[in-house]
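The chain contents come next:
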Amino acid sequence: NAFFTCGFRDNVLYLSNDIFPEADVKNNEVKKDTLWEFIRYALVGGVSAVVDMGVNYLMLYHILGGTPDDKLLVALSVTAGFIVGLTVNYILSNIFVFSKAEQKKKGRTVGAFLIYVAVGVVGYGLTVGLTLLGTLVIGKEGIWYTLLNCVVKGIVLIWNYLGRKILVYRGK
């Protein structure tokens, strides 16, 4: 019994009902609701990323008065941005993404928030680890680094969505 199974058939993505209980039972085709949920999640992630970067910038340059050469201040700024961005993501996801009554009930607890944070921290670790690994393979300059970042962001987006969907909002 696999916890997660997926595949393509006739250019359609199929997933097991263990993860997406709202999937069609006959052929496991992911319904439009799940696709729109993922799109809303990606949009909320984009807003949260802008908030994260904005807080990071404001903290470093205007609140702490630092520069990118001040490694401790950079670390503090990045951490502040991550915390605020994650909190915004949690709030907006509860309002706009995981909006079914059962999901809202599951998502609005202290335990759910802590799991949400844990998934985000793992996502952050994946971002750092995959980026470092990628730079060893392709280097850190030019278009390849930008492409690497895009691939890493995509992987982490999927991790964050599935991790939160399964561990926090699982159910109908």
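It should be emphasised that the depicted structure is a prediction, and the values quoted were computed from it without experimental measurement.

Which parts of the structure should I look at to understand the overall build of the chain?
The helix and strand tally for the chain stands at five helices and two strands. Beginning at the N terminus, the succession of helices and strands in the chain can be written as β-β-α-α-α-α-α. Considering the chain as a whole, with its 172 residues, one finds that 30% of them fall into the buried category. Of the contacts made within the chain by residues no fewer than 6 positions apart, 58% connect residues no fewer than 24 positions apart.

Would you mind showing me how to read the side chain of R164 here?
For R164, the location among the structural elements is in helix 5 (residues 142–167). Look at R164: it is buried, it has no salt bridge, and the nearest opposite charge is D52 at 10 Å.

So what exactly am I meant to see when it comes to the pattern of salt bridges here?
Two side chains bearing opposite charge may form a pair once their charged atoms approach each other closely. In the structure shown here, the tally under the stated rule is two salt bridges. Its salt-bridge partner being K165, residue E37 comes within 2.9 Å of it at the nearest N-O pair. Placement of the pair is E37 in helix 1 (residues 32–63) and K165 in helix 5, with a sequence separation of 128 residues.

Help me understand helix 1 in this model?
One full turn of an α-helix is made of 3.6 residues, so residues set three or four places apart face in the same direction. Taking 1.5 Å of rise per residue, 32 residues should cover 46 Å, and helix 1 covers 44 Å from first to last C-alpha, within 8% of that figure. Taken residue by residue, helix 1 has T34, E37, Y41, V44, S48, V55, M59 and L60 as its buried positions. In the core, the buried residues of helix 1 are packed alongside helix 2 (71–97), helix 3 (101–107), helix 4 (110–138) and helix 5. Of the residues flanking the end of helix 1, it is G65, one or two places downstream, whose phi is positive at about 65 degrees.

Explain the nonpolar core here, please?
Nonpolar side chains in soluble globular proteins tend to be buried together. Ranked by internal contacts, the top residues of the largest apolar core, which has 14 residues, are Y41, V97, F98, Y116, Y161, V168 and Y169. When residues of this core are traced back to their parent elements, those giving at least two are helix 1, helix 2, helix 4 and helix 5. Element by element, the count of residues in this core is highest for helix 2, at four residues. Once residues within four sequence positions are removed from consideration, V168 is found in contact with K106, G107, A112, I115, Y116 and G163.

What am I meant to see in the side chain of E37 here?
Looking at E37, the relative accessible area reads 3%, which means it is buried. One polar contact links E37 to Y161, side chain to side chain, over a distance of 2.5 Å.

What should I look at first to understand the packing of aromatic side chains in this one?
Aromatic ring pairs are defined here through the distance separating the ring centres and the angle between the ring planes. For the coordinates displayed, the defined rule picks out ten aromatic pairs. Taking 6.4 Å as the distance between ring centres and 85 degrees as the angle between the ring planes, the aromatic pair formed by Y116 and Y169 counts as edge-to-face. One end of the pair, Y116, is in helix 4; the other, Y169, is in the segment after helix 5, with 53 residues separating them in the sequence. Taken together, the ring pairs in this structure connect F38, Y41, Y90, F98, F113, Y116, Y161 and Y169 into an aromatic cluster. One cation-aromatic arrangement involves R164 over Y116; the distance from NZ or CZ to the ring centre is 3.8 Å.

Basis of the calculations
- Residues numbered from 1 in each chain as written.
- Predicted model: local features only at pLDDT ≥ 70, side-chain atom pairs only at ≥ 80, totals over all residues.
- Heavy atoms only, no water.
- Helix = DSSP H or I, 4+ residues; strand = E, 2+ residues; numbered from the N terminus.
- Buried < 20%, exposed > 50% of the residue type's maximum accessible area, 1.4 Å probe, protein only.
- Contact = heavy atoms within 4.5 Å.
- Lys, Arg positive; Asp, Glu negative; His and termini not counted.
- Salt bridge = Lys/Arg side-chain N within 4 Å of Asp/Glu carboxyl O.
- Expected span 1.5 Å × (residues − 1).
- Core = buried A, V, L, I, M, F, W, Y, C linked by side-chain atoms within 4.5 Å.
- Polar contact = N/O pair within 3.5 Å; in protein donor to acceptor, adjacent residues only side chain to side chain.
- Phe/Tyr/Trp six-rings, centres within 6.5 Å; stacked < 30°, edge-to-face > 60°.
- Lys NZ or Arg CZ within 6 Å of the ring centre and 35° of its normal.

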